[in-house]
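Listed below, chain by chain, are the residues.
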Amino acid sequence: MRLSKMHLKTLREVPNEAEIASHILLLRTGMIRKLVSGVYGFMPLGYRSIRKIEEIIRQEMDAKGAQEIHMSAVQPAELWMESGRWFKYGPELWRLKDRNGRDFCLGPTHEEIFTDIVRSEVNSYRQLPLNLYQIQTKYRDEARPRFGLMRSREFIMKDAYSFDKTFEELDKSYEDMYDAYERVFTRCGLTFRPVEADTGAIGGSNSHEFTALSEVGESEIAYCETCSMAATTEKALCIDAPASNEAELPLETVHTPGTKTIEDVANFLELDKTQTMKALLFVTYDDEQNENGYVAAFVRGDRELNMIKLVNALNIPEHAIAFADEAKMGAETGCVGGFTGPVGIHDCTIVVDSELPGLKNLCAGACKEDHHMLHVNYGRDYKADIIADLKLLKEGDPCPVCGAPVKHARGIEVGQVFKLGTKYSEAMGAYYKDENMEDQLVVMGCYGIGVTRTLAAVVEQHHDENGIIWPMSVAPYHAIVTIVNTGDEVQEKTAEEIYQRLLGAGVEVLLDDRKERPGVKFKDADLLGIPIRIIVGRGAADGIVEYKLRRDADKEERSMEDAINKTIQTVMQEK
Ligand code: ATP
Ligand code: MG
C-alpha cells in the first residue's frame, strides 16, 4: 500500500479524553475512531490488526476441532427468561423493543443462543463432543466505559461453547481451550498469566482468567512465588487468623468521642487494629431494582472487605447491592454511622467473616453515637446469619496454599474460560440420548477472548514514547519503505523496486511516497510502529539503504539486495 493513497489521519497531539498509552496511541495512529462513549470504529490500519488477532484465534480454535459459526447479535428476551438472566444480568444488558413491543437484547455473551442450538439440533450421544465458536460484536452497557478499547460498550469477542456428555469430557474440552488460549496470547506477543477466577454473571464451577500483565490493568491478581497459586484477588482465598484461646472478658461500653474510623478508635483506645472489627453497611435490591433489605458485613479492623465474596455469600448479583444510606438504615436497624457493631443491630442480614468467631475480646462499635464496646465475643454477644470468607487477600498475607507471603500484580483480563457444567442445559432443557436411549443433560463450558481488548493490551505492552512497537504477528503491515526525498528519481526508483519485490515475496509492505518532509515521515513511522523500516535516502545512488527494526535503536547500512533478503527472512521468522 502506498501511504500517499492510504486513508490515514495521524494526530500530533494527545487527545484529551485518553489517559493510558494504548488509548492515546490507537487514537493518535488513527487506528480507531470514537463515535460515542465506549463505541469505536476501526480504520484501515486498526482493522488489519484486528483481523490478524482474529486469524490467530481462528487457527488455534480450529486446531482444537472447534467449528466457527456466526449468530445474530440481537437476542429475544424469551431465551434470557428461560435461563433466568433477563433480570439477573442487570443494567449492563442492552435491552430494546421491536415495533410490536417485544423485548430483545443486544448480546453481551451467547450462552442462551448456543444452548438453544444444541437443545434443538443435538439428539444423540454420537453428536458429542461439540465445540462451536464465533467472532462477533458484543454489547454491554458498561457503567463506566473507559480507556478506549479496554472497556467499551461495543466490542469484538470470540466466544466458544463446548458441549460434552460427561464432566470428565468437559475437563478435556476445558484443557484444550486453556491450551489454545495460551497459544493465542503467546502468538499475539503478550506477557500474561492464567489465574483462577470468580465465575461472576456467567456462572459455573471453575474458571480461569488470562491476564496480560500491565500497571494500567483493571484486574488485580495475587500470586505466590513459592508455589503455583495464582488467582484474581476477587477469587483468592484468604486464610483466617488462628483462633485465640484467651478467656472471654465481660462486655464493656466505652466513650470514644469522634472516633469514626478504625484508625481513630484503635489509636484512642491504644489497641492494635487486629483487636477491632469493622462494619460495612449495604442495601440490597430485587429484580425490579426495589430496595429489599439491609446487610451488615463484619471483618477484622485491619482487613478489607472483598465485595465479590460478599455477593457470593449472599447469592445475589453484583448489581443488586450498594452502600446503604446510614441514616436511613439506622432508623430500621439501629446501626449508627461510624459506630456500628454486631451487638444491638437488628432487622438486617448479618454476614460475618470466617475468622471473627475464633477471635476473642474484640472492640466493635456500640450502635450508639461516640461509643464502642470492648470484649465482644461471637456466640455470647452476637450471631451471624451467614459466616463466610469475606476478606481481600492483600500483598504480604500468607498464601492460601503454602503460607508464603503473596505478591500482587495488575493486569488486563484478555480472556476467560468457564466450566459451566449443567447450569444452562438444566435451565433450558438441553438433553442428549445416551447409548441406552435415556435423556442426559449436556455438560457445557464457555470460553471468551476480548479481541479488541487484546489489541489494546498488545499496545499497552509494546510501545515507547514515540509510538507503538508492533509484534510482527499482529502488526498492520510487516515493513515500511520510506523515501527520504520524494522527487529524487534514484530514491523513488530504488524504493519502488524494493516495494515491488517485497510484495512479490508476500511481505505486507507500506511505501511512504508522500510529499512530506523526512522528519514527518520518520515520526509517523515511529508512531505507527511497523516492525521493519527500510529507509531509501542519498545512499541509494550507490545501492545502499538503511535497515532498521522499530524495536532497536540502531540502523544498519545494507545493500538493497541484502535489505530485501533480511526483511523477508525476519518476516518469515516472526509473523
Ligand atoms: P470484566 O471483568 O473486565 O468486565 P468480564 O469478566 O465481564 O470482563 P467476560 O464475560 O469474561 O468479561 O468476557 C470475555 C472477554 O471479553 C473478557 O475476558 C474481555 O477480554 C472481553 N470484555 C469483556 N467486557 C469487555 C468490555 N466492556 N470491553 C472490551 N472487552 C471486554
Ligand atoms: Mg471475565
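Residues numbered from 1 in each chain as written. Chains lettered and ligands numbered in written order. Predicted model: local features only at pLDDT ≥ 70, side-chain atom pairs only at ≥ 80, totals over all residues. Heavy atoms only, no water.

A.B. asks: It is not clear to me how the site of ligand 1 should be interpreted in this structure. Could you clarify?
C.D. replies: Arg 140, Glu 142, Arg 151, Ser 152 and Glu 413 are the nearest of the 15 residues found near ligand 1. One of the backbone nitrogen or oxygen atoms of Met 150 is found 3.5 Å away from a nitrogen atom of ligand 1. Residue Gly 450 places a main-chain N or O atom 3.2 Å away from an oxygen atom belonging to ligand 1. Contact with the protein chains removes 85% of the 590 Å² of surface that ligand 1 exposes when unbound. Looking at the shell around ligand 1, the elements that each hand over two or more residues are β8 (154–164) and β21 (407–421). Looking at which element gives the most residues to the shell around ligand 1, the answer is β21, with four residues. (Near = heavy atom within 4 Å. Polar contact = N/O pair within 3.5 Å; in protein donor to acceptor, adjacent residues only side chain to side chain. Areas by Shrake-Rupley, 256 points an atom, 1.4 Å probe, with all protein chains shown as cover. Helix = DSSP H or I, 4+ residues; strand = E, 2+ residues; numbered from the N terminus.)

A.B. asks: Whenever I open this one, the pattern of salt bridges confuses me. Can you help?
C.D. replies: Any two side chains of opposite charge can pair, so long as their charged atoms come close to each other. Counted under the stated rule, the structure contains 51 salt bridges. Between Glu 82 and Arg 119 there is a salt bridge, with its nearest N and O atoms 2.7 Å apart. Of this pair, Glu 82 sits in helix α3 (residues 77–83) while Arg 119 sits in helix α5 (residues 111–121), and the two are 37 residues apart along the sequence. What makes Glu 82 partly exposed here is its relative accessible area of 35%. Overall, the relative accessible area of 24% leaves Arg 119 in the partly exposed class. We note a salt bridge from Glu 561 to Arg 501, for which the minimum N-O separation is 2.5 Å. Here Glu 561, found in helix α14 (residues 560–574), pairs with Arg 501, found in helix α12 (residues 489–504); they are 60 residues apart in sequence, far enough to count as distant. Judged by its relative accessible area of 39%, Glu 561 falls in the partly exposed class. (Salt bridge = Lys/Arg side-chain N within 4 Å of Asp/Glu carboxyl O. Buried < 20%, exposed > 50% of the residue type's maximum accessible area, 1.4 Å probe, protein only.)

A.B. asks: I tried to follow helix α11 (residues 451–461) on my own but got confused; where do I start?
C.D. replies: For an α-helix, the turn length of 3.6 residues means that residues three or four places apart are oriented alike. The buried fraction of α11 amounts to 10 of the 11 residues, a majority that puts the element mostly inside the structure. What α11 keeps buried is the set Val 451, Thr 452, Arg 453, Thr 454, Leu 455, Ala 456, Ala 457, Val 458, Val 459 and Glu 460.

A.B. asks: Would you mind showing me how to read the packing of aromatic side chains here?
C.D. replies: Here a ring pair, both rings aromatic, is described through the centre-centre distance and the interplanar angle of the planes. Evaluation of the coordinates by the stated rule reveals 12 aromatic pairs. Residues Tyr 181 and Phe 185 carry aromatic rings whose centres are separated by 6.0 Å and whose planes lie at 85° to one another, so their mutual orientation is edge-to-face. Taken as a pair, Tyr 181 and Phe 185 lie in helix α6 (residues 167–187) at a separation of four residues, close to a single helical turn. For the pair Tyr 181 and Phe 185, a shared accessibility class is recorded, and that class is buried. Ring plane angle 40° and centroid distance 5.9 Å describe the contact between Phe 185 and Phe 210, whose orientation is recorded as tilted. In this pair, Phe 185 sits in helix α6 while Phe 210 sits in strand β10 (residues 207–213), placing the two residues 25 residues apart along the sequence. By relative accessible area, Phe 210 is classed as buried at 0%. Put simply, the rings of Tyr 178, Tyr 181, Phe 185, Phe 192 and Phe 210 touch in pairs and so form one group of aromatic residues. A cation sits over an aromatic face here: Arg 95 above Trp 86, 4.8 Å from the ring centre. Positioned over the ring face of Tyr 174 is Lys 419, at 4.9 Å from the centre of the ring. (Phe/Tyr/Trp six-rings, centres within 6.5 Å; stacked < 30°, edge-to-face > 60°. Lys NZ or Arg CZ within 6 Å of the ring centre and 35° of its normal.)

Note that every value here comes from positions in space, so none of it alone points to a role or purpose.
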